[in-house]
Amino acid sequence: MNTYLNPNNKSFKETLSRKIYIDKSLLIDKLNKIIDSNDSYICISRPKGFGKSTDAKMLAAYYSKGCDSSLLFNNLKIAQTDNYQKNLNKYNVIYIDMQNFYTKTNNVKEMIQLLTKAIMREILIRYNDVDFLDNNDLSFTLDDIYCETNEQFIFIIDNWDYALRYIQSEENKADFLIFLNCLLKDKDYLSLVYMTGMLPIKKIDETHMNMFDKISMLDPMTYENYMGFTEDEVKDLCYQYDMNFDNIKDWYDGYQFKNGVSIYSPKSIVKAVTTKELGNYWSKTASFENLKRYISSNYDGLKDTIHRLLIGDKITVDTSTFSNDMASVTSKDDVLTLLIHLGYLAYDSITKTVYIPNKEITDSFVSVVKEVKWPETMRLI
């Protein structure tokens, strides 16, 4: 049984067995329509708790040759689409969780070496009759496999940006992005690349990592329904669990995209309907520590901006200055843009403004303000 090359469907099977499962399998149909095309590079960034890893595991279970997932998908929405059987368990899949590798190493160089070693080990066992040019280089190895067997691969990379959230050195960031670029860009051995993270793609220049469609809380493109739970899905859950939808909406709604789609945090909704308690489930996450850190910075009068947000104002923001990593935040606009990606602010793409989306997030801001001891804002609260 492989971990990285053609993994099995155990993780997705466990997901389906949860008390609450919302069928997001039509995401597969969207990807089936772009596979093996010039548009087959997708990077979806959204906050923690919005289902990124769940979707990545679903895709691995669907495409991977390492399992038979027909019993898992036959009763899901994807089974009603034209290309369902055509692509089911028909591809070589390489599944990578970057967090797993970065937390086991001391720096980017070690992370890349460990990742390459882990994947190469499984490749060399599977393709032991291929004459490899350099079995220490992952890109060369996949090229060799494609040339000799005509077999292509799908890369599914979860938490692609995990290292970039913590790397301080610009040189190390560049090393990591160059590695990804060399592995993924313009490769005949690729059929599809699907990456998830909290942050959008960070480019070194206009030529590196420019092949991706960057789907985010700033611009979900055509993927709005897959950024979290939709309002209809939440209404169904409220009916099943005998919860008042208006109360749920008041506490957890607010992430609204320009075509009218409204998105809710899956983690918060599941907690609320299963515990029958409306409350703040975000302050118990690691991203809450980031909220405290960046609000405390008080860049460019950020304190006054937080004050205005708490009384319900919308604040104009320039999202173009944000460099898509947490270590390079140097202005108020950078902080506000980062908080959009972390889910602590919602973005109105028409007016180019940010606002606090709901009661849960307001409660998180109040908790931070209490800890950083801003007396004027405390009096407001």
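Note that the coordinates shown come from a computational prediction; the quantities given were computed from them, not determined experimentally.

**Quick notes on unusual backbone geometry**
So, step 1. One non-glycine residue with positive phi stands out, namely K276, at about 60°.
So, step 2. Within the element layout of this structure, K276 appears in the loop between α12 (266-275) and α13 (286-297).
So, step 3. Overall, the relative accessible area of 45% leaves K276 in the partly exposed class.
So, step 4. The phi angle at K352 is positive, at roughly 60°, despite the residue not being glycine.

**Some words on the nonpolar core**
So, step 1. One finds L31, Y63, F73 and F365 to be the most contacted residues of the largest nonpolar core, which totals 74 residues.
So, step 2. Filtering out sequence-adjacent residues up to four positions away, F73 remains in contact with F12, I28, M58, A61, Y62, I78, A79, Y84 and L88.
So, step 3. I112, M120, W160 and I201 belong to the second-largest nonpolar core, a separate cluster that totals 45 residues.

**Section: helix α16 (residues 359-372)**
So, step 1. The terminal C-alpha atoms of α16 lie 20 Å apart, and with 14 residues this matches the ideal 20 Å at 1.5 Å per residue to within 8%.
So, step 2. E360, I361, S364, F365, V366, V368 and V369 are the residues of α16 that are buried.
So, step 3. Just downstream of α16, K373 is the residue with a positive phi angle, here 60°.

**Section: the layout of surface pockets**
Leftover empty space is mapped by rolling, across the atoms, a probe with the size of a water molecule.
So, step 1. As a volume, the largest pocket reaches approximately 860 Å³.
So, step 2. Lining the largest pocket are 36 residues; nearest its centre among them are G49, F50, G51, K52 and T54.
So, step 3. Residue assignment for the lining of the largest pocket shows that the elements contributing at least two residues are α3 (52-63), α12 and α13.
So, step 4. By residue number, the principal contributor to the lining of the largest pocket is α3, which donates six residues.
So, step 5. Considering only residue class, the lining of the largest pocket consists of 14 nonpolar, 11 polar and 11 charged.
So, step 6. In this structure, the second largest pocket encloses a volume near 370 Å³.
So, step 7. If you trace the second largest pocket, you find 17 residues lining it, with T3, P7, N8, S11 and Y95 closest to the centre.

**Structural notes on empty space enclosed by the protein**
So, step 1. Evaluation of the coordinates by the stated rule reveals two cavities of 30 Å³ or more.
So, step 2. Estimates place the volume of the largest cavity at around 50 Å³.
So, step 3. Of all the elements in the fold, those that place two or more residues in the lining of the largest cavity are β7 (255-256) and β10 (346-348).
So, step 4. Taken together, the residues of the lining of the largest cavity break down into seven nonpolar, one polar and no charged.

**Points about helix α14 (residues 302-310)**
So, step 1. If you check which residues of α14 are buried, you get L302, T305, I306, L309 and L310. Looking straight down α14, one finds its buried side chains confined to an arc of 135°; they lie on one side.
So, step 2. Within two residues after α14, G312 carries a phi angle of roughly 100°, on the positive side.

**Let's talk about the sheet that holds strand β8 (residues 262-264)**
So, step 1. Taken in spatial order, the three strands of this open sheet run β6-β8-β7, and their pairing is antiparallel. The open sheet has two edge strands with one neighbour each: β6 (229-230) and β7.
So, step 2. By the bridge criterion, two bridges tie β6 to β8 in an arrangement that is antiparallel. Bridge assignment links T230 to a residue of β8, and that residue is I263.

**Re the pattern of salt bridges**
So, step 1. Enumeration according to the criterion identifies 14 salt bridges in this entry.
So, step 2. We note a salt bridge from K65 to E151, for which the minimum N-O separation is 4.0 Å. Taken together, the residues K65 in the loop between α3 and α4 (70-73) and E151 in the loop between α8 (138-149) and β3 (153-158) connect sequence positions 86 residues apart.
So, step 3. Take E151: its relative accessible area is 18%, and that puts it in the buried class.

**So, the packing of α14 against helix α15 (residues 332-342)**
So, step 1. Interhelical geometry of α14 versus α15 gives an angle of 40° and a closest axis separation of 10 Å. Relative to α15, the element α14 lies oblique. In this structure, the crossing between α14 and α15 has a hand that is right-handed. Taking contact as the criterion, the partners of L302, T305 and L309 in α14 are, on α15, K332, V335 and L336.
So, step 2. When the residues that make up the contact of α14 with α15 are grouped by side-chain class, the tally is four nonpolar, one polar and one charged.

Calculation notes
Each chain carries its own residue numbering, running from 1 in the direction its sequence is written. With pLDDT at 70 or above as the cut-off, local features in this predicted model cover only qualifying residues; side-chain atom pairs require 80 or more to be listed or tallied, and sums for whole chains, interfaces and linings still use all residues. As a rule here, side-chain values cover all heavy atoms of the structure and leave hydrogens and water aside. In DSSP terms, a helix is any run of H or I states spanning at least four residues, a strand is any run of E spanning at least two, and both are numbered starting from the N terminus. Accessibility here uses a 1.4 Å probe with only protein chains present; expressed as a share of the type maximum, an area under 20% marks a residue as buried, one over 50% as exposed, and anything in between as partly exposed. Residues belong to a common nonpolar core when they are buried Ala, Val, Leu, Ile, Met, Phe, Trp, Tyr or Cys residues joined through side-chain atoms within 4.5 Å. Throughout, a residue-residue contact means that at least one pair of heavy atoms, one from each residue, lies within 4.5 Å. To estimate how far a helix should extend, the number of its residues minus one is multiplied by 1.5 Å. Using a 1 Å grid laid over the protein atoms alone, points where a 1.4 Å probe fits but cannot get out form a cavity; open sets with protein on both sides within 12 Å along at least 5 of 7 lines form a pocket; any residue with an atom within 4 Å of a point counts as lining. Grid points are joined across faces, edges and corners, and a volume is the space filled by probe spheres set on the points. In the scheme used here, Gly and all other residues not listed as nonpolar or charged are polar, with Ala, Val, Leu, Ile, Met, Phe, Trp, Tyr, Cys and Pro taken as nonpolar and Asp, Glu, Lys and Arg as charged. What the arc measures is the spread of directions leading from the helix axis to the C-beta atoms. Any two strands with at least two DSSP bridges between them are considered paired. Whenever a carboxyl oxygen of Asp or Glu lies within 4 Å of a side-chain nitrogen of Lys or Arg, that contact is scored as a salt bridge. Helix axes use the C-alpha atoms of the stretch in contact, all axes being lines fitted to C-alpha atoms, and the angles between their N-to-C directions lie in the range 0 to 180 degrees. Note on angle classes: values under 35 degrees are labelled roughly parallel, values over 145 roughly antiparallel, values of 65 to 115 roughly perpendicular, and the remainder oblique. Crossings are classed by handedness, with left-handed meaning an anticlockwise turn of the near helix from the far one by less than a right angle and right-handed meaning a clockwise turn.

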